[in-house]
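# Observations on the three-dimensional arrangement
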Amino acid sequence: MSMDELLETIRAFDGVLELAPDESSAFPAIAWGDHFFYYAPDGQVPTREQPYATIVTKNYPDDALSGLDEPDRWRLNIHVGTDVFIELVGEAPRSEAGTWDYAATDMVLPHPVYRGQGWVSIVNPGASTHGLAAGLLRQAHEAAHRRAARRSASTRPNAAPGQG
């Protein structure tokens, strides 16, 4: 699966907002070339919500275990929550991490930094993880949609009896 194919899949989700910082944006240079995905049908980045998925194309100062500074390497990161995380990696997100090769490609791995928050990662998704990655992205997008709906419902003024 190429990054372009993956981006095409994500961009087809209803209500998706993609941030793709580059040198013309106000974002710091470290984020240039990466992609951040939110459920935001109004086109505005949610103020109290993290992205539900990201694609990173380089090492960050606190996140270099995936070897993303090597040519043609990138990593898909998806927030899957506790239950799915356990199903996928066989460990609880907040448990002491097992021994993982975070640079392995085309494998679902705990995120090297954000595993405790229920994130998984796949370096260079390929034939082994293509379908799974697409399904996990769909689930993460739908979960973000549900969270947005709950937030919206909790901030709406109560309708008077018989109205609404």
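All figures in this text were calculated on a predicted structure; none of them were measured in a lab.

Further remarks concern the nonpolar core. In this structure, Leu6, Tyr52, Ile55, Leu76, Ile78 and Leu137 are the most contacted members of the largest nonpolar core, which totals 27 residues. Elements supplying a minimum of two residues to this core: helix H1 (3-11), strand E2 (35-39), strand E3 (53-56), strand E4 (75-79), helix H2 (81-89), strand E6 (119-123) and helix H3 (130-155). It is H3 that contributes the most residues to this core, 6 residues altogether. The residues touching Leu137, leaving out its near neighbours within four places in the chain, are Leu6, Ile10, Phe13, Tyr52, Ala53, Leu76 and Ile78.

This brings us to the confidence of the model for the protein. When pLDDT is averaged along the protein, the result is 93; 95% of the residues meet or exceed 70. The low-confidence segment residues 159-164, where pLDDT is below 50, has 0 contacts with residues more than four positions distant or belonging to other chains.

Moving on, we come to H2. Among the residues of H2, Gly81, Val84, Phe85 and Val89 are the ones counted as buried. Buried residues of H2, seen end-on, are gathered within an arc of 110° and therefore sit on one face of the element. Facing away from the buried side of H2 by more than 90 degrees, the exposed set consists of Asp83 and Glu87. Looking at the packing, one finds that the buried side of H2 touches E4, strand E5 (109-110), E6 and H3. Gly90 lies just past H2 and shows a positive phi near 75°.

Calculation notes
- Residues numbered from 1 in each chain as written.
- Predicted model: local features only at pLDDT ≥ 70, side-chain atom pairs only at ≥ 80, totals over all residues.
- Heavy atoms only, no water.
- Core = buried A, V, L, I, M, F, W, Y, C linked by side-chain atoms within 4.5 Å.
- Buried < 20%, exposed > 50% of the residue type's maximum accessible area, 1.4 Å probe, protein only.
- Helix = DSSP H or I, 4+ residues; strand = E, 2+ residues; numbered from the N terminus.
- Contact = heavy atoms within 4.5 Å.
- pLDDT = per-residue confidence, 0-100.
- Arc of directions from axis to C-beta.

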